[in-house]
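Secondary and tertiary structure notes
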Amino acid sequence: MSSTPKRQFALQGAAVILVLSIAWPYYGWQATALPWLETSLAIGGVALFFATISRQPWWWRVIHAGFMPLVWFTHSLAIDPNWFLFGAILLLLVFRGALSGQVPLYLSNKQTVGALADLLTERGPSRFLDLGAGLGSTTVPLADALPDSQFTGVENAPLTWLAGRLLSLGRPNIHWQWLDLWQTGLADYDVVYAFLSPAPMPRLWEKVKAEMRPGSLFVSNSFPVPGMTPDRIIDVACTPPRPLYCYQL
Ligand SMILES: C[S@@+](CC[C@H](N)C(=O)[O-])C[C@H]1O[C@@H](n2cnc3c(N)ncnc32)[C@H](O)[C@@H]1O
């Protein structure tokens, strides 16, 4: 069984239905209130069992075991529900990409930026595009280090885009756009950089092949294109390892 979010939802849902379909009639028959703490613990246990027999990765098992007990605990704190609405909106504004395309926000580190700077220096003045540019962790330092190159960042999570926009202010060689990466044309760039997740890589590669010009370079941080041998792998000295997979068009 794969670990797609829909399957995880089904798995947790099955545990809820199973436990409630036993507990509700049982306590109803005894005319006593459902003990929510014990019920949530039972749901966690059953969900853990389902996750284990369907061989889900360990972190999903932990999530399944803890989810309902945590719901019970949070409910017992009697927090004003508006705070949850506020939190959900905030998460959506930052992690929109995780919901729509399984691409959350995490940032390229300094070592990766250094390796990208070396790569761009080798190639000479370039037009560089960061697909899903986050807060500008690549575009901002690279634009400062390489003033003869042009840097474009596209980002579609509103709050993340805004933070990146502010951090890019005063840098004329940064073009910061609120745009869906799938709507972004790749033909005008010498180097296209992506630090996304395994999920979009097959589709992204089709886009790269269709749009990037011969001689240009596609660089993927950490996530290789399935079934394609990179022309070069740059081993960035950092922990955890974050290799740069380079594909020459
Ligand atoms: C792993 S982060 C990488 C951020 C930045 N490139 C870096 O290296 O530090 C991926 C970013 O892609 C953005 N993203 C996800 N899906 C996107 C889409 N369809 N269009 C534009 N940006 C997207 C996310 O919001 C997130 O900020």
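So, on to the domain arrangement of the protein chain. Many descriptions give the size of an interface as the accessible area lost when the pieces come together. According to the domain assignment, the protein chain consists of domain 1 (5–78) and domain 2 (110–248). On a C-alpha basis, the centroid separation for the pair domain 1 and domain 2 is 42 Å.

To continue, consider unusual backbone geometry. In most cases, non-glycine residues show a negative phi, while peptide bonds are predominantly trans. Threonine 239 connects to proline 240 through a cis peptide bond whose omega is -5°. Mapped onto the secondary structure, proline 240 falls in the loop between β6 (232–234) and β7 (244–248). The phi dihedral of alanine 78 is positive, around 50°, even though this residue is not glycine. Note that alanine 78 resides in the loop between α3 (58–76) and α4 (81–101).

Right, let's get into the packing of aromatic side chains. If you walk through the whole model with that rule in mind, you get 13 aromatic pairs. On the numbers, 6.4 Å between centres and 90° between planes, the contact of tryptophan 24 with tryptophan 36 is edge-to-face. With tryptophan 24 in helix α1 (residues 5–29) and tryptophan 36 in helix α2 (residues 36–53), this residue pair connects regions lying twelve residues apart in the sequence. Grouping aromatic residues by their ring pairs yields a cluster made of Tyr106, Phe195 and Phe223.

Turning next to the pattern of salt bridges. Evaluated as defined, the whole model comprises six salt bridges. In this structure, aspartate 190 and arginine 213 form a salt bridge, with 3.4 Å as the shortest nitrogen-oxygen distance. Taken as a pair, aspartate 190 in the loop between β3 (174–178) and β4 (191–194) and arginine 213 in the loop between α8 (201–211) and β5 (217–221) lie far apart in primary sequence, 23 residues in all. Glutamate 206 is the partner of lysine 209 in a salt bridge, and the nearest nitrogen-oxygen pair spans 3.4 Å. With lysine 209 and glutamate 206 both in helix α8 and three residues apart, the pair spans about one turn of that helix. On the accessibility criterion, lysine 209 (45% relative accessible area) is partly exposed. On the accessibility criterion, glutamate 206 (46% relative accessible area) is partly exposed. Members of the salt-bridge network, linked through shared partners, are Arg127, Asp190 and Arg213.

Right, let's talk about the site of the ligand for a bit. In the region of the ligand, 23 residues are neighbours, and Ser108, Gly132, Glu155, Asp180 and Leu181 sit closest. Side-chain polar atom of asparagine 156 to a nitrogen atom of the ligand: 3.4 Å apart, as the coordinates give it. For the ligand, a nitrogen atom lies 2.8 Å from a polar atom in the backbone of leucine 181. Here the ligand loses 98% of its free accessible area of 600 Å² to cover by the protein chains. Residues that form the shell around the ligand fall into these classes: 13 nonpolar, seven polar and three charged.

Quick notes on the rules
- Residues numbered from 1 in each chain as written.
- Predicted model: local features only at pLDDT ≥ 70, side-chain atom pairs only at ≥ 80, totals over all residues.
- Heavy atoms only, no water.
- Domains from an automatic or database assignment.
- Helix = DSSP H or I, 4+ residues; strand = E, 2+ residues; numbered from the N terminus.
- Phe/Tyr/Trp six-rings, centres within 6.5 Å; stacked < 30°, edge-to-face > 60°.
- Salt bridge = Lys/Arg side-chain N within 4 Å of Asp/Glu carboxyl O.
- Buried < 20%, exposed > 50% of the residue type's maximum accessible area, 1.4 Å probe, protein only.
- Near = heavy atom within 4 Å.
- Polar contact = N/O pair within 3.5 Å; in protein donor to acceptor, adjacent residues only side chain to side chain.
- Areas by Shrake-Rupley, 256 points an atom, 1.4 Å probe, with all protein chains shown as cover.
- Nonpolar A, V, L, I, M, F, W, Y, C, P; charged D, E, K, R; others polar.

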